[in-house]
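# Architecture at a glance
Here are the chains, one letter per residue:
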Amino acid sequence: MPSIDLSGKVAVVTGSGRGLGLAYAHALAAHGASVVVNDVDEAVAEAAVRSLGEAGGKAVAEVVPVGTSEAAERLVNRAVEEFGRLDVLVTNAGILRDKVLWKMTDEDFDAVITTHLKGTFTCARAAAVRMREQGEGGSLILVGSPAGQRGNFGQTNYAAAKAGIAAMARTWSMELGRANITVNAIVPVAATAMTETIPAFAPYIEAMKSGEPLPDFLRKGEGFGTPEDCAALVPFLASEAARGITGQAIGIGGDKVALWSHPQEIKAAYADGGWSPDTLADAFPTSVGAELQTVGIPAPKFPEA
């Protein structure tokens, strides 16, 4: 494999002031890309730009909450005004408003859908328009989640948004293929402010902050590591080495990288003339319902004490 070289390419990374987004921005800059950093907090965004500059990268900040068409246009225009073009979009920006269904308000639902799902849509649309005008292809890298692949208790809004993002990646990969624009969803798993709140992970994350390495059962068994572990996938997908990869959902974390399957039929049964409620009740348990699918993110497997 050739070394990954993104020299001359320009990337917008939404929600890149800290955490996974900042790791993605650093990984892109380290391989030669110029980066537009985005955050809602000006001080955080400017600090991220300074850190990229100190590491030898080129970056500017655009402070705006994603979700609206106006915000998306601002991000794309900033890339073009500062660096002359746009080649890569990483839609990382997100928020959480976790509640069980019967306690979730319209505001809780709408806020998460606006940032994650509509923010991905508006930014990707603006980027696709620019990339098609340039006529040189590009890369849309949409950030998903295991919650969107499997569901997660208390995350109706977040899981729905992330499932929609994976579906949009599949759809846009078909629509943008002739323009040589690849579209993939990534499914990162890392020690972040969100995963620190999970009691099972908390002591290992605290130990990691003190300089201790994460144990192999987390890095390999659970595919759980640092944001920097996840970041390697982004410059790869933005590079010519991944030009033939599109429409995929790819998981990464710790020492693990994995390809998620697309939803598909796994078993079928047939009845001449069609089904009735009674024939379904008779046949379902021993045919298509013999092995129902599980839901939720599997609980981590920790070594026995």
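Data block above holds the structure.
Attention in this report is confined to the structure presented alongside it. On a predicted model such as this, the values are computed, not experimentally measured, just so you know.

## Things to note about the nonpolar core
Y24, L28, V35, V37, V90, I141 and I186 are the most contacted members of the largest nonpolar core, which totals 34 residues. When sequence neighbours within four positions are dropped, the list of residues in contact with V37 reads V13, S16, G17, A45, A48, V49, L52, A59, V60, A61 and E62. Ranked by size, the runner-up nonpolar core spans 31 residues in total, among them V10, V12, A126 and A249.

## Section: unusual backbone geometry
The phi dihedral of N180 falls on the positive side, at around 60°, and the residue is not glycine. Mapped onto the elements, N180 comes out in the loop between α6 (156-175) and β6 (181-188).

## Here's the deal with the packing of aromatic side chains
Each aromatic ring pair is summarised here by two numbers: the centre-to-centre distance and the angle between the ring planes. In this structure the tally under the stated criterion is one aromatic pair. Geometrically, the ring pair formed by Y204 and F217 is edge-to-face, given 5.5 Å between the ring centres and 80° between the ring planes. With Y204 in helix α7 (residues 202-209) and F217 in helix α8 (residues 216-221), this pair connects stretches of sequence that are 13 residues apart. Taking the relative accessible area as the measure of exposure, F217 reaches 21% and is therefore partly exposed.

## Here we look at the side chain of S34
The residue S34 is located in strand β2 (residues 34-39) in this model. S34 gets classed as buried once you look at its relative accessible area, which sits at 11%. Sequence-distant contacts of S34, that is, excluding residues within four places in its chain, are made with K9, V10, A11, K58 and F83.

## Remarks on the pattern of salt bridges
What the rule picks out here adds up to twelve salt bridges. Between K220 and D255 there is a salt bridge whose closest N-O contact spans 3.0 Å. Taken together, the residues K220 in helix α8 and D255 in the loop between β7 (249-253) and β8 (256-259) connect sequence positions 35 residues apart. Owing to a relative accessible area of 48%, K220 belongs among the partly exposed residues under this scheme.

## Examining the environment of T246
Here T246 is to be found in the loop between α10 (233-238) and β7. The exposure class of T246 is partly exposed, given its relative accessible area of 31%. As a C-alpha pair, T246 and T182 span 64 residues in sequence and 5.0 Å in three-dimensional space. Apart from the residues within four sequence positions on either side, T246 is in contact with S173, I181, T182, V183 and N184. A distance of 2.9 Å separates a polar atom in the side chain of T246 from the backbone nitrogen of V183.

## Observations concerning α6
Compared with an ideal rise of 1.5 Å per residue, which puts 20 residues at 28 Å, α6 spans 28 Å between its outermost C-alpha atoms and is within 8% of the ideal. When we look at burial in α6, the residues that qualify are N157, Y158, A159, A161, K162, G164, I165, A166, M168, A169, W172 and S173. On its buried face, α6 is in contact with α4 (106-134), β5 (138-143), α5 (146-150) and β6.

## A closer look at the side chain of K162
Structurally, K162 can be placed in helix α6. Excluding residues that lie within four positions of it along the chain, K162 makes contacts with H116, V143, G144, S145 and G148.

## Points about the sheet that holds β8
An order of β3-β2-β1-β4-β5-β6-β7-β8 is seen for the eight strands of this open sheet, with the pairing classed as mixed. The sheet is open, and its two edges are formed by β3 (58-63) and β8, each paired on a single side. Between one strand and the next, the sheet's axes are offset by a mean angle of 20°, whatever the strand orientation. Summarising the sheet, β6 and β7 pair through four bridges and their orientation is parallel. Note that in β7 the partner of V187 across the bridge is G251. Its contacts with the sheet put helix α1 (residues 19-30) on β1 (10-13), β2, β4 (88-91), β5 and β6, and the angle it makes with β1 is roughly 175°. Lying on the sheet, α4 is in contact with β4, β5 and β6; it crosses β4 at an angle near 175°.

The rules behind these values
Residues numbered from 1 in each chain as written. Predicted model: local features only at pLDDT ≥ 70, side-chain atom pairs only at ≥ 80, totals over all residues. Heavy atoms only, no water. Core = buried A, V, L, I, M, F, W, Y, C linked by side-chain atoms within 4.5 Å. Buried < 20%, exposed > 50% of the residue type's maximum accessible area, 1.4 Å probe, protein only. Contact = heavy atoms within 4.5 Å. Helix = DSSP H or I, 4+ residues; strand = E, 2+ residues; numbered from the N terminus. Phe/Tyr/Trp six-rings, centres within 6.5 Å; stacked < 30°, edge-to-face > 60°. Salt bridge = Lys/Arg side-chain N within 4 Å of Asp/Glu carboxyl O. Polar contact = N/O pair within 3.5 Å; in protein donor to acceptor, adjacent residues only side chain to side chain. Expected span 1.5 Å × (residues − 1). Pairing = 2+ DSSP bridges. Axes fitted to C-alpha atoms, helices over the stretch in contact; angles between N-to-C directions.

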